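Listed below, chain by chain, are the residues.
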Amino acid sequence: MKIFNKINRLPEFEKDIKKLRKRFNTLEEDLTIFINTQLNLYHKLRIDNKGIFTITDVQSHSFKIFKAKKFACRALKGKGVQSRIRIIYAYNEAEDSVDFIEIYYKGDKTIEDKERISSYIKNKIQG
């Protein structure tokens, strides 16, 4: 079942997830579940369970940047969606595409990489 027209993972995102996979071995499967549930609920069914937030200070006319705070990681038993794993991604409604920009664990860093987000936006705008 294909929910979104296109899903991309930035090379930096790939590095992030590869590093985190060493500690959280269920991460790839958890990401698939996240796409099929959270992203589908929020962007397709328009159901807001207060787990995804727009990053308002870095927007473009063609896409929006989001931070997902509710991400269930099964490797963190008993935590459910309170895993403290954060995902930063862009969603372009017109193209129905998702670009994964960053994934991090709040125990390692407290906030998303604003420079990475700005660089992503610059590259997208320059095309």
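Details of the structure are given in the entry above.
These figures come from a predicted structure and were not determined experimentally.

Caption draft 1: Quick look at the pattern of salt bridges. As enumerated under the stated definition, the model contains 14 salt bridges in all. Notably, a salt bridge pairs D30 with R74, separated by 2.7 Å at the nearest N-O pair. Taken together, the residues span a long stretch of sequence, with D30 in helix α2 (residues 27–44) and R74 in the loop between β3 (64–68) and β4 (85–92) at a distance of 44 residues. Judged by its relative accessible area of 40%, R74 falls in the partly exposed class. One salt bridge connects D96 with K44, and the closest N-O pair in it is separated by 2.6 Å. On the criterion of sequence distance, the pair formed by D96 in the loop between β4 and β5 (97–105) and K44 in helix α2 is long-range, its members being 52 residues apart.

Caption draft 2: A look at the packing of aromatic side chains. If you walk through the whole model with that rule in mind, you get 8 aromatic pairs. On the basis of an interplanar angle of 75° and a centroid distance of 5.7 Å, the ring pair of Y42 and F66 is categorised as edge-to-face. On the criterion of sequence distance, the pair formed by Y42 in helix α2 and F66 in strand β3 is long-range, its members being 24 residues apart. Residue classification places F66 among the buried positions, given a relative accessible area of 5%. An aromatic cluster is built from F13, Y42, F66, Y89 and F100, whose rings are joined through pairwise contacts. Above the plane of the ring of F53 lies K69, whose end atom (NZ or CZ) is 5.0 Å from the centre.

Caption draft 3: Local environment of unusual backbone geometry. At R46, a residue that is not glycine, the phi angle is positive and equals roughly 60°. Relative to the elements of secondary structure, R46 occurs in the loop between α2 and β2 (52–54). Taking the relative accessible area as the measure of exposure, R46 reaches 54% and is therefore exposed. Here the phi dihedral of K50 falls at roughly 65°; this positive angle occurs in a residue that is not glycine. Here K50 shows up in the loop between α2 and β2.

Caption draft 4: Just helix α3 (residues 114–126), in detail. Given a rise of 1.5 Å per residue, 13 residues ought to cover 18 Å, and the 18 Å separating the end C-alpha atoms of α3 matches this to within 8%. Inspection of α3 places R116, I117, Y120 and I121 among the buried residues, and these make up the whole buried set. Looking straight down α3, one finds that the buried residues subtend no more than 135° of arc, so they occupy a single side. For α3, exposure combined with an orientation more than 90 degrees from the buried face picks out E115, K122, I125 and Q126. On its buried face, α3 is in contact with α1 (11–21), β3, β4 and β5. For α3, the N-terminal cap is D113; the gap from its side-chain oxygen to the backbone nitrogen of E115 is 3.1 Å.

Definitions and cut-offs
Residues numbered from 1 in each chain as written. Predicted model: local features only at pLDDT ≥ 70, side-chain atom pairs only at ≥ 80, totals over all residues. Heavy atoms only, no water. Salt bridge = Lys/Arg side-chain N within 4 Å of Asp/Glu carboxyl O. Helix = DSSP H or I, 4+ residues; strand = E, 2+ residues; numbered from the N terminus. Buried < 20%, exposed > 50% of the residue type's maximum accessible area, 1.4 Å probe, protein only. Phe/Tyr/Trp six-rings, centres within 6.5 Å; stacked < 30°, edge-to-face > 60°. Lys NZ or Arg CZ within 6 Å of the ring centre and 35° of its normal. Expected span 1.5 Å × (residues − 1). Arc of directions from axis to C-beta. Contact = heavy atoms within 4.5 Å. Polar contact = N/O pair within 3.5 Å; in protein donor to acceptor, adjacent residues only side chain to side chain.

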